[in-house]
Structures are given as structure tokens and as C-alpha cells.
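# A look at the structure
Spelled out from the first residue to the last, the chains are:
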Amino acid sequence: EKQVEQYQVSVVNAKNLCHEPAITIDGVNVEVMANVTCREDVEQALEYGADGIGLYRIESFYLSQKMLPSEQEVLDEMIQTLTPVKGRPITVRVLDVGGDKRLPFLNLPLEDDPFLGRRGIRLLLKYPDLLSTQITAIARLSQEFDIRVLVPMVTLAPEMERVRNIFATIATDAGIENIPALGAMIETPAAALCVDDLLEYADFFSIGTNDLTQYTMAAGRENPLVSEYFIEEHPAIFKLLKIIFDQAGNTPISLCGELAGDKKVIPRILGVGFRSLSVPPPLVPTIKEAIRTINLGTQENFC
Ligand code: PEP
Ligand code: MG
């Protein structure tokens, strides 16, 4: 009972300070953004003091449609969802379907191992209309909102090169001069180990530890039979995080998987060098509070 009481007090304290920046004891500022899928999440992100939107997932909108939505419908949905955070930095991820998420209006072939199959950017590059509709809508959105664009499930540098070229062509055709920054999600071990190949095509990186964990630990993220292998804070994951971070150099990098919402591992995440996190909205206050208790000057090597 005492622990529950202490926990409740700490949650109230964290909430009271949630609109303040998250600064470590030794003065290091860490950005804490929110992962969102809908307008309610965005409103919660504001209420809980998120510094911006680190990951806007548009899958649930697409999965709720009976037909391929038009560019205008995608744009309207994004504006409706994001208007409360207009003026703050927003990272929009292009559609990450395939795997376990099948679009009702696309007759996608069944695959034996869908998580190792055609998902994320692999699928979008096979369905150019699906990709160009989103990119055009996002390019238009970026004229009013502070937008960055994130590409999911990147494995090979040529995937990013192709998306960049498509983006440039669409922007030119639409007469849009300021193309938003384009980033790669690092969530496959191949991308993690070869971030240096992606530097040429990515303006920023965001690490998806949910998928990175399932592919590194060879344990499906939704398979309860192997849940004891799905260890997000395993040393193998932290070794990869360090490899990714070191290769990224001066390219901005953030971490948006569930790992970033675990306050126990925040000292290790900051120890690797990360200064930008994105977590579910209700966790923003406690993660900011955890950051405020850390003195990076006294931390050892964390890996
Ligand atoms: C991830 O894989 O960590 C991630 C943030 O993306 P999603 O959970 O949507 O696959
Ligand atoms: Mg992912």
C-alpha cells in the first residue's frame, strides 16, 4: 500500500511538471515527444506535455477504409488529427502495412512469414500509387505544419534513394520548394549495422525498437509462445543501439519504440547518447521525470 501511495504521488508530481523541459541534473536537455495514431492521442500528447509528435502512425486510418483513400482524404485526415499540435515538430510515418496488417482494399498475396515479407517500404515501392498519394498529401501538409517524413522497415540504402527521388519529383510537379526532411526508421538489424550506407539519403533516423527486438531476438513481437525471448533491454539490443548511434554521427536521431517508455532503462538510453525520445502520450510525464533524476556526468559505460 505504501508503494502504491508513493507511486501515485510520483505520478501526480510528474504530471504537474510535464510542461517543463526534461533536463538532467547536469543540464542536458532531452526532447520527449509522443507517438500518436488519432486526434485523441494528439490531444493527450498536448495535455501530458509532449515536446512534439515523434511518430504519427497512419495505419489505423488506412485500415478503416473500404477503398484506397484519395490524396485529399489523406490530407483531410492528417489535418483533422494534427491541428492541435500545429506549430510543433511532427514526424509523419508513411504507411507501415503488410506483416500482420492487411489492407482490406488491396488483394495482397498471402505470405508464409509476413513479418519477414513484403511490409513497410517494401510494399509501398511495389504499389507506387499508394506511396505517391501519401507523399503528395504530406508535401501539401508540410506547407502549413512543421513536418518530417519517416520511412518504415528500411533494409537497404536503395529503398531510401528511391523514396527520396519520388519525393523530389512529386514536390517539383506540385510546385513545392521546401521538401520536408526525410528519415529512415532503423528497425532491421541490416539497417542498424549499415546506418553509414543510409547517411547519404536520410536527413534523420528514428529507431523502432519493437521491430528491432523481434528481428534481433528472432521472436515475434505478438507471439506469446516466445515472449521470454522478446527482451527489449537485452545486451544485444543495446549493442546495436550503440552501433547505430555512433554511425549516425551528426545526423539527428531519436528512439520511438516501446523501450523509450520504460523508465528503468532511460539512464542506459541516455548513456548511449540519445537526446530525443518518443513515447505513448500518457508516459511523457514519467519519462520526463526519470530524465530529471539522472546525472550523466556520473554514469559509467552502459552497454
Ligand atoms: C517499432 O517497431 O519500434 C515502431 C515504433 O514501429 P511499430 O511499433 O509501429 O512497428
Ligand atoms: Mg516498427
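Placed above this text is the structure.
Scanning the chain from N- to C-terminus turns up 13 helices and 9 strands. Dimensions of the chain, computed from C-alpha atoms along their principal axes, come out at roughly 55 × 40 × 40 Å. Looking at the 303 residues of the chain, the share that counts as buried comes to 50%. In the chain, 68% of the contacts between residues at least 6 apart in sequence involve partners at least 24 apart. Accessible surface, the chain: about 14000 Å² in total, of which carbon and sulfur atoms supply 51%. Across the chain, the mean location of the 27 positive side-chain charges is 2 Å away from that of the 42 negative side-chain charges.

A few words on the site of ligand 1. In the neighbourhood of ligand 1, 14 residues make up the surrounding shell, with Arg57, Gly208, Asn210, Asp211 and Arg221 lying closest. Gly208 places a polar main-chain atom, nitrogen or oxygen, 3.5 Å from an oxygen atom of ligand 1. Relative to its free-state accessible area of 290 Å², ligand 1 is covered by the protein chains to the extent of 97%. Within the shell around ligand 1, the residues separate by chemical class into 3 nonpolar, 4 polar and 7 charged.

This paragraph deals with the state of the cysteines. A complete count under the given rule lists 0 disulfides for this structure. You can see Cys38 has no disulfide; the closest cysteine sulfur is in Cys256, sitting 17 Å from it. Accessibility expressed as a relative area gives 24% for Cys38, which makes it partly exposed.

With that settled, the discussion passes to the pattern of salt bridges. All told, the structure shown has 14 salt bridges when counted by the stated rule. Two residues, Asp203 and Arg164, come together in a salt bridge whose shortest N-O distance is 2.9 Å. Pair noted here: Asp203 is in the loop between α9 (195–198) and β7 (204–207) and Arg164 is in helix α7 (residues 157–173), with a separation of 39 residues, a long-range link. Among the residues examined, Asp203 registers a relative accessible area of 34% and is labelled partly exposed.

Okay, the nonpolar core next. The biggest cluster of nonpolar side chains holds 89 residues, and the ones touching the most others in it are Ile186 and Leu277. Residue contacts for Ile186: discarding those within four places in its chain leaves Ala191, Ala192, Val195, Leu198, Phe205, Ser206, Ile207, Gly208 and Ile244.

With that out of the way, let us pick up the environment of Gly117. With respect to the helices, strands and loops of the structure, Gly117 is situated in the loop between β4 (90–93) and α5 (121–126). Excluding its chain neighbours within four sequence positions, the residues that come into contact with Gly117 are Glu111 and Arg122.

Attention now goes to the coordination of the magnesium ion (ligand 2). At 2.0 to 2.1 Å from the magnesium ion (ligand 2) lie its protein donor atoms, namely Glu187 (OE) and Asp211 (OD). Of this pair, Glu187 sits in the loop between β6 (181–186) and α8 (189–193) while Asp211 sits in helix α10 (residues 209–217), placing them 24 residues apart in sequence. Using a relative accessible area of 2% as the deciding quantity, one classes Glu187 as buried. Judged by relative accessible area, which is 3%, Asp211 ranks as buried.

It is worth spelling out unusual backbone geometry at this point. For residues that are not glycine, phi is negative in most cases, and the peptide bond is trans in most cases. Phi is positive for Met153, which is not a glycine, with a value near 60 degrees. Along the chain, the position of Met153 falls in the loop between β5 (147–151) and α7. You can call Met153 buried: its relative accessible area is 1%. Look at Ala218: it is not a glycine, yet its phi comes out positive at around 55 degrees. Within the secondary structure, Ala218 sits in the loop between α10 and α11 (235–248).

Turning our eyes to something else, we now look at the packing of aromatic side chains. What the rule picks out here adds up to 2 aromatic pairs. Relative to Tyr62, the ring of Phe61 lies with its centre 5.6 Å away and its plane at 80 degrees, an arrangement referred to as edge-to-face. Here Phe61 and Tyr62 have matching classes, each one buried. Ring centres of Phe245 and Phe274 lie 5.1 Å apart, and the angle between their planes is 65 degrees; this geometry places the pair in the edge-to-face category.

Looking now at the environment of Asp203. The sequence separation of Asp203 and Asn250 amounts to 47 residues, and the corresponding C-alpha distance is 10.0 Å. Here Arg164 takes part through its side chain, which lies 2.9 Å from a polar atom of the side chain of Asp203.

Its 14 residues place the ends of helix α6 (residues 128–141) 20 Å apart at the C-alpha level, agreeing with the 20 Å of an ideal helix rising 1.5 Å per residue. Leu130, Leu131, Thr133, Gln134, Ile135, Thr136, Ala137, Ile138, Ala139 and Leu141 are the residues of α6 that are buried. In this structure, the buried side of α6 is in contact with α3 (59–63), α4 (71–82), β4, α5, β5 and α7.

Parameters and conventions
Residues numbered from 1 in each chain as written. Chains lettered and ligands numbered in written order. Predicted model: local features only at pLDDT ≥ 70, side-chain atom pairs only at ≥ 80, totals over all residues. Heavy atoms only, no water. Helix = DSSP H or I, 4+ residues; strand = E, 2+ residues; numbered from the N terminus. Buried < 20%, exposed > 50% of the residue type's maximum accessible area, 1.4 Å probe, protein only. Contact = heavy atoms within 4.5 Å. Areas by Shrake-Rupley, 256 points an atom, 1.4 Å probe, with all protein chains shown as cover. Lys, Arg positive; Asp, Glu negative; His and termini not counted. Charge placed at Lys NZ, Arg CZ, Asp CG, Glu CD. Near = heavy atom within 4 Å. Polar contact = N/O pair within 3.5 Å; in protein donor to acceptor, adjacent residues only side chain to side chain. Nonpolar A, V, L, I, M, F, W, Y, C, P; charged D, E, K, R; others polar. Disulfide = S-S within 2.5 Å. Salt bridge = Lys/Arg side-chain N within 4 Å of Asp/Glu carboxyl O. Core = buried A, V, L, I, M, F, W, Y, C linked by side-chain atoms within 4.5 Å. Donors = N, O, S within 2.8 Å, 3.2 Å for Na, K, Ca; no water. Phe/Tyr/Trp six-rings, centres within 6.5 Å; stacked < 30°, edge-to-face > 60°. Expected span 1.5 Å × (residues − 1).

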